[in-house]
Amino acid sequence: MNAPLLVPPQALKRAGPLWLLAEVTYRCPLHCAFCYNPVDFAQAGPELSTEDWLKVIRQARALGAAQFGISGGEPLVRDDIEILVAEARQLGFYTNLITSGVGLTEARLAALKEAGLDHIQLSFQDATKEANDLITNTRTFELKRKVAAMTKAAGYPTVINCVLHRTNIDHLDRIIEMAVEIGAEYLELANTQYHGWAFLNRQSLMPTEAQLAEAEAVTERWKAKLGKKMRILFVTPDYQTKKPKKCMNGWGEVFLSITPDGLALPCHTARMLPGLEFPDVREHDIDWIWHESPLFNRFRGTAWLPETCQSCEDKEKDHGGCRCQAFMLTGDAGATDPVCPKSPDHALIEKALAEAERPTLVKPLVFRDPKNSVKLGRAF
Ligand code: FES
C-alpha cells in the first residue's frame, strides 16, 4: 500500500500578495478634484515612521511580494523615499514611484537612481498649462515638463499617466501629441473612477457618452499611427463599461495597500467601508493580516457573494464587481456592484449616466484640500 502523500501545511497556504503599494503620505501639493484619496484624509493618524515602513517591506517580501509601489498623496514630500527604495531593491522588489513630479529635483533623482529605483510614473493632468493648473488648483505644468525631460535624461522610460474626465477628455488629441513630444514610451489614459474626491465631483467630471466614444476613437487612431513607438492604455470608466470588473483582481488576491497611518487594505479606498476593522501594521504582521485578518477574508473569493451573483455564470470572472463602488452607491459593501446590468440597483448607474448628458447639472468642483477635508470629514 502506498504511503499517504504528506503535504506540508505551508504548501496549502494561499499565496502572499504580489503587489505592495505604500501610500506613504496623504500630503500633496496638488489639489486634484478627481483624487481617489479619502475625503476625510485630514483626520488620518500620524504617518508611519521609516522603521515602520522598512518592517512592512521586509514582511511583504518574505511573503513573496514582487512589486513595490510608492504613492500618496505626493510621496516626495517625505525625505526617506530613497531609504525605502534601497531596502526594497536589495530585497529583490521591482520598485516604482508614482509621482506628480513636484519635489523631484536633479539631486533627488540621482539619489533614487543610486538607491535602485526601477520605474517612475509621472502624472499630467492636461496638455496645456491653463487646463493642467486649473484642475490641480496649482501652477505645476511647466515643472512637470521639466521633470519628464530630467527622468528621460537619467535613462528612465517615460511613463505618463493622465486621468481623463469631462473637462479634459476633449483635449485628448493634444494630450497624446504632448506625450509624443515628450518622448513617452507609455501613456496611460485612465478615465476617472468615482471614489473619494472624484465621487464628490462626479456630476462635474463624468463625460457624456459622445465624449467617451470620441476619446476612444482618437485613442485608436493614435495607436494605429504610433504602433510600438508608444504604448497607449485607455481605461474605460466603470460606470460606462456595462460590465462589473474583478476589482484589484479580486479582494485579497494579489494587492496589498498600506495607508500613510498604517492600515492594511485590499484596495486603495476600502478604509471608508463601515463595519470593518482595518488591521494596523504596527500591531500585526503582514503574514497575519494577509492570511488571517477578518478584513482580508471578508470579500475574498466568491462564497460571500449575494444571490444575484451566486447564480451568475460570470461570478468567477468579476467576483460581483467593486466593493467600494457598491458601498458608495447603495450603502452596502456586500451588494452586487450596480455597474452590473443584473444588479437590482443598476438604475443608480443609469441615473448618473443620464445626469452626465445634462450639462445644466454640472456643479462647481470641490478641490482636494485639507480644509475641505476637515469640513467634509465631519459630515462623513
Ligand atoms: Fe475597493 Fe474596488 S476600489 S474594492
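Per chain, the residues get numbers from 1 upward, laid out in the order the sequence is written. Predicted model: local features are reported for residues with pLDDT of at least 70 only, side-chain atom pairs are reported and counted for 80 or more only, and whole-chain, interface and lining totals are derived from all residues. Side-chain metrics in this entry use all non-hydrogen atoms of the structure; hydrogen atoms and water are not considered.

A few points about the UniProt feature "binding site: [4Fe-4S] cluster" (unreviewed entry) in the protein chain
Point 1. Within the UniProt annotation, "binding site: [4Fe-4S] cluster" (unreviewed entry) is assigned to Cys 28, Cys 32 and Cys 35.
Point 2. Numbering of helices and strands starts at the N terminus; helices are DSSP runs of H or I of at least 4 residues and strands are runs of E of at least 2. With respect to the secondary-structure elements, Cys 32 resides in the loop between strand E1 (19-23) and helix H1 (50-62).
Point 3. In this view, Cys 32 contacts Gln 125, Ile 135, Thr 136 and Arg 368; residues no more than four positions away in its chain are not counted.
Point 4. Residue placement: Cys 35 occurs in the loop between E1 and H1. UniProt positions are given in the numbering used here, feature names are shortened, and annotations may be inferred rather than shown by experiment. By definition, residues are in contact when any of their heavy atoms lie within 4.5 Å.

Let's talk about the pairing of strand E3 (residues 94-99)
Point 1. By the bridge criterion, four bridges tie strand E2 (residues 67-71) to E3 in an arrangement that is parallel. Bridging from a neighbouring strand, Phe 68 pairs with Thr 95 of E3.
Point 2. Note on handedness: a clockwise path from strand one over the helix to strand two, with the strands aimed away from the viewer, defines a right-handed crossover. The parallel pair E2 and E3 is bridged by helix H2 (residues 81-91), and the resulting crossover is right-handed.
Point 3. Judged from the four bridges that link them, E3 and strand E4 (residues 119-124) form a sheet pairing that is parallel. In the strand pairing of E4, Leu 97 is matched with Ile 120.
Point 4. The parallel pair E3 and E4, bridged by helix H3 (residues 106-115), forms a crossover whose chirality is right-handed. Whether two strands pair depends on DSSP finding at least two bridges between them.

What about the environment of Thr 25?
Point 1. Summarising the element assignment, Thr 25 is placed in the loop between E1 and H1.
Point 2. Expressed as a C-alpha distance, the spacing of Thr 25 and Lys 317, which sit 292 residues apart in the sequence, is 33 Å.
Point 3. Residue contacts for Thr 25: discarding those within four places in its chain leaves Glu 47, Ser 71, Gly 72, Gly 73, Glu 74, Pro 75, Val 77, Arg 78 and Pro 260.
Point 4. In protein, a polar contact means a hydrogen-donor-capable atom and an acceptor-capable atom, both N or O and within 3.5 Å, with residues adjacent in sequence counting only if both atoms are side-chain atoms; elsewhere, any N or O pair within 3.5 Å suffices. Side chain to side chain, Thr 25 and Glu 47 meet in a polar contact 2.5 Å long.

Quick word on the nonpolar core
Point 1. Among buried residues, the Ala, Val, Leu, Ile, Met, Phe, Trp, Tyr and Cys ones that are joined through side-chain atoms within 4.5 Å form a nonpolar core. Burial here depends on accessible area, computed with a 1.4 Å probe over protein chains only, as a share of the maximum for the residue type. Under 20% is buried, over 50% is exposed, and the range in between is partly exposed. One finds Leu 20, Phe 68, Leu 172, Ile 176, Leu 189, Ile 258 and Leu 273 to be the most contacted residues of the largest nonpolar core, which totals 86 residues.
Point 2. The element contributing the most residues to this core is helix H6 (residues 172-182), with six residues.

Brief notes about the side chain of His 119
Point 1. Counting through the fold element by element, His 119 comes out in strand E4.
Point 2. Judged by relative accessible area, which is 17%, His 119 ranks as buried.
Point 3. Beyond its immediate chain neighbours, meaning those up to four positions away, His 119 contacts Tyr 94, Thr 95, Asn 96, Leu 97, Tyr 156 and Val 159.

Observations regarding the side chain of Lys 144
Point 1. Tracing the sequence through the fold places Lys 144 in helix H5 (residues 141-153).
Point 2. Here Lys 144 sits buried without a salt bridge, and the closest side chain of opposite charge, Glu 74, lies 7.0 Å off (N-O distance).
Point 3. In this structure Lys 144 touches Leu 30, Ser 100, Leu 122, Ser 123, Phe 124, Gln 125 and Asn 132, once residues within four positions along its chain are discounted. The sign given to each residue is positive for Lys and Arg and negative for Asp and Glu; His and the chain ends receive no count. For this analysis, a salt bridge means a side-chain nitrogen from Lys or Arg found within 4 Å of a carboxyl oxygen belonging to Asp or Glu.

Topic: the pairing of E4
Point 1. E4 sits mainly inside the fold: six of its six residues count as buried.
Point 2. The two faces of E4 match: His 119, Gln 121 and Ser 123 on one face and Ile 120, Leu 122 and Phe 124 on the other face are all buried.

Observations concerning the sheet that holds strand E6 (residues 186-191)
Paired through their backbone hydrogen bonds, the strands of a sheet run either parallel or antiparallel.
Point 1. With mixed pairing, the nine strands of this open sheet are ordered in space as E7-E6-E5-E4-E3-E2-E1-E8-E9. The sheet terminates laterally at strand E7 (231-235) and strand E9 (264-265), the two strands that pair on one side only.

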